[in-house]
Amino acid sequence: MNIFIFSDNATLLPEMLGGANKLVGTSGGSIAAIIIGSESEAMSAASMGADKVYWLGEIGNRIIDDFVPTLNKLIMTEKPAAFLVAATTRGKAVAGRVAAALDMAAIVNAKEIKVVDGSFQVRHIILGGAVIRVEQPLGGTLIATVRSGVFTKAVADTSRSDQLEHVEFVEPVTQITKLESKPKKSNASNIGAAKIVVGAGRGFATKEDLGLARGLADALGGEVGYSRPVTEGNPPFAEGEPYIGVSGIQLKPELYIAVGISGQTQHMVGVNESRVIVCINKDPRAPMFRYSDYGIAGDLYEIVPELTRALNEK
């Protein structure tokens, strides 16, 4: 059972390799990583468990979409049992186009992938997170996009030194000309790997007040995450930051503290696998209380500073 993985975002590569390692460990087989990027990024894939690394070269002035014909040829030639793609904006587009070329369906937003009776079984989100569907492809290559936070990151082993296989670029019939590239503004912390996360919602009245959430997270040795209204509201309080939720990122922390977050389904999809959930909200009827192990009904401007102070004293 050979598994191919691909991520246009190098920071998600350890998660994809970690998931592939787990699947191969239970079913046997090999892992191949498809890398578009620097040679060092390709070598890092080998150090994290890839048995083979297909290096498509650096992106240069191209965009990810230009590599789809190359990916199509590689998948059609090698016929892996699964092609798993990190569910980034570009990754979803790539998975859909490769699936169309193979006359297959792509399963999107996978929450869990496992092997049952020799074939893959995928649990994934539909209807905005209201429903989890379980699917078991009947044949061919499984093509699935996997959200951040689903797989545990692979650990690098620098003693591995597998050779790279350079893949010849297949020119697309129609190319997109990139006129300009600008980095996206972001000060995002690595909350995907954090064991403790403090979630900040629209209960905070101003951008400056988010410092209360940061103070609580610091006292706990954790990180701060945001609900979608905080990052995309008018005005946004944390512009450029990724938000937690069905169309954002998923977390699996040991402790999640939701501060000023109502707890709508869109948000809960991103945190419902937390080991312990605590909420702080002045509205005792907020849906967040139904999903929480512990809840404090009260003004966050009174509770959070007191809680932070008590934690720092200990």
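Let me begin by describing the structure that accompanies this report. Just so we're clear, the structure is a prediction, and the values are computed from it rather than from any experiment.

With that settled, consider the sheet that holds strand β4 (residues 82-86). The sheet built from nine strands is open, its strands ordered β7-β6-β5-β8-β4-β1-β2-β3-β9 with mixed pairing. What marks the edges here is a single partner per strand, and that holds for β7 (131-135) and β9 (164-166). Direction aside, neighbouring strands of the sheet carry axes that sit 30° apart on average. Pairing between strand β2 (residues 30-35) and strand β3 (residues 52-55): four bridges, direction parallel. Considered in β3, the bridge of I34 is made with Y54. Packed onto the sheet, helix α2 (residues 39-47) meets β2, β3 and β9 and runs at close to 160° relative to β3. Across the sheet, helix α4 (residues 89-101) touches β1 (2-6), β4, β5 (106-116) and β8 (142-146), and the angle it forms with β8 is around 170°.

What the rule picks out here adds up to one cavity of 30 Å³ or more. Taken together, K111, G149, V150, Q250, L251, K252, V269, G270, N272 and E273 make up the full set of residues lining the largest cavity. The residue makeup of the lining of the largest cavity, split by class, is three nonpolar, four polar and three charged.

Before going further, it helps to examine the pattern of salt bridges. If you walk through the whole model with that rule in mind, you get 13 salt bridges. Among the charged side chains, a network of salt bridges with common partners joins D65, R90 and R97.

Conventions adopted
Residues numbered from 1 in each chain as written. Predicted model: local features only at pLDDT ≥ 70, side-chain atom pairs only at ≥ 80, totals over all residues. Heavy atoms only, no water. Pairing = 2+ DSSP bridges. Helix = DSSP H or I, 4+ residues; strand = E, 2+ residues; numbered from the N terminus. Axes fitted to C-alpha atoms, helices over the stretch in contact; angles between N-to-C directions. Contact = heavy atoms within 4.5 Å. 1 Å grid on protein atoms, 1.4 Å probe; cavity = no way out; pocket = protein on both sides within 12 Å on 5 of 7 lines; lining within 4 Å. Points joined across faces, edges and corners; volume = space filled by probe spheres on them. Nonpolar A, V, L, I, M, F, W, Y, C, P; charged D, E, K, R; others polar. Salt bridge = Lys/Arg side-chain N within 4 Å of Asp/Glu carboxyl O.

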